[in-house]
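# Structure at a glance
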Amino acid sequence: MDQPPTTEEPFPEFSVSTILPNFLFLGPELTLEEHVEMLLANGVKRIINIAAECDDDHGLRLRERFERYVHIPMRDTVEEENITRGVREVCKFLGECATEASLALA
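What comes next concerns the included structure. Computed from a predicted model, the values in this text were never measured in an experiment. (Residues numbered from 1 in each chain as written. Predicted model: local features only at pLDDT ≥ 70, side-chain atom pairs only at ≥ 80, totals over all residues. Heavy atoms only, no water.)

Let's shift gears to the overall build of the chain. Each helix and strand counted, the chain has three helices and four strands in total. The linear arrangement of helices and strands in the chain, starting from the amino end, is β-β-α-β-α-β-α. In the form shown here, the chain has an accessible surface area of approximately 8100 Å², with 55% of it arising from carbon and sulfur atoms. (Helix = DSSP H or I, 4+ residues; strand = E, 2+ residues; numbered from the N terminus. Areas by Shrake-Rupley, 256 points an atom, 1.4 Å probe, with all protein chains shown as cover.)

Here the focus is the pairing of strand 3 (residues 46-51). By the alternation rule, side chains of strand 3 split into Ile-47, Asn-49 and Ala-51, which are all buried, and Arg-46, Ile-48 and Ile-50, of which none is buried. Where strand 3 and strand 4 (residues 68-74) come together, five bridges link them in parallel fashion. The residue of strand 4 that forms the bridge with Asn-49 is His-71. (Buried < 20%, exposed > 50% of the residue type's maximum accessible area, 1.4 Å probe, protein only. Pairing = 2+ DSSP bridges.)

For strand 1 (residues 17-20) and strand 2 (residues 24-26), the ladder comprises three bridges, and the chain directions are antiparallel. Paired with Thr-18 across the strands is Phe-25, a residue of strand 2. In this structure, the hairpin formed by strand 1 and strand 2 is closed by a connection of three residues, where Asn-22 is found at a positive phi of approximately 60°.

Moving on, we get to the nonpolar core. Counting 10 residues, the largest nonpolar core is built from Phe-14, Leu-30, Val-36, Leu-39, Val-44, Ile-47, Leu-60, Leu-62, Phe-66 and Tyr-69. When residues no more than four places from it in sequence are discounted, the contact partners of Val-36 are Leu-60, Leu-62, Arg-65 and Phe-66. Core analysis: the next-biggest nonpolar cluster, separate from the first, contains six residues, Val-70, Ile-72, Phe-93 and Cys-97 among them. (Core = buried A, V, L, I, M, F, W, Y, C linked by side-chain atoms within 4.5 Å. Contact = heavy atoms within 4.5 Å.)

Across all of its chains, the model carries seven salt bridges by this definition. Here Arg-46 ties to Glu-100 by a salt bridge, and the two come within 3.0 Å at their closest N and O atoms. Taken together, the positions of Arg-46 in strand 3 and Glu-100 in helix 3 (residues 83-105) put the pair 54 residues apart, joining distant regions of the chain. Residue classification places Arg-46 among the partly exposed residues on the basis of a relative accessible area of 23%. In this structure, Arg-61 engages Glu-64 in a salt bridge whose closest nitrogen and oxygen atoms are separated by 3.2 Å. Under the relative-accessibility criterion, Arg-61 is labelled partly exposed at 42%. (Salt bridge = Lys/Arg side-chain N within 4 Å of Asp/Glu carboxyl O.)

Right, let's get into helix 1 (residues 33-41). Along helix 1, the residues that are buried comprise His-35, Val-36 and Leu-39. The buried side chains of helix 1 occupy one side of the element, clustering within an arc of 95° when seen end-on. Positive phi appears at Gly-43, one or two residues downstream of helix 1, with a value of about 85°. (Arc of directions from axis to C-beta.)

The values are spatial; any link to function lies outside them.
In structure tokens:
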């Protein structure tokens, strides 16, 4: 007999997708030291976490180990309130990162 689907499955394999090369990546929640080491080895300097349900740290000291770690909690539901504010905060953060990156190249 088939079992019904569950949300209690183990975390999926950690993988990061490139959105804009050398600037913007999309990845799952950081839960292991190996995840942090992989990001640091690939030059990731800033993290923005927009998932309300994701713990900020899991004891990994992300705020200490990256130049910036920002958590803007939003839920992926139609009922989410303050979407406009959250999107503005994300855009501001990305704009600041782009400015910092272009200054570093100059």
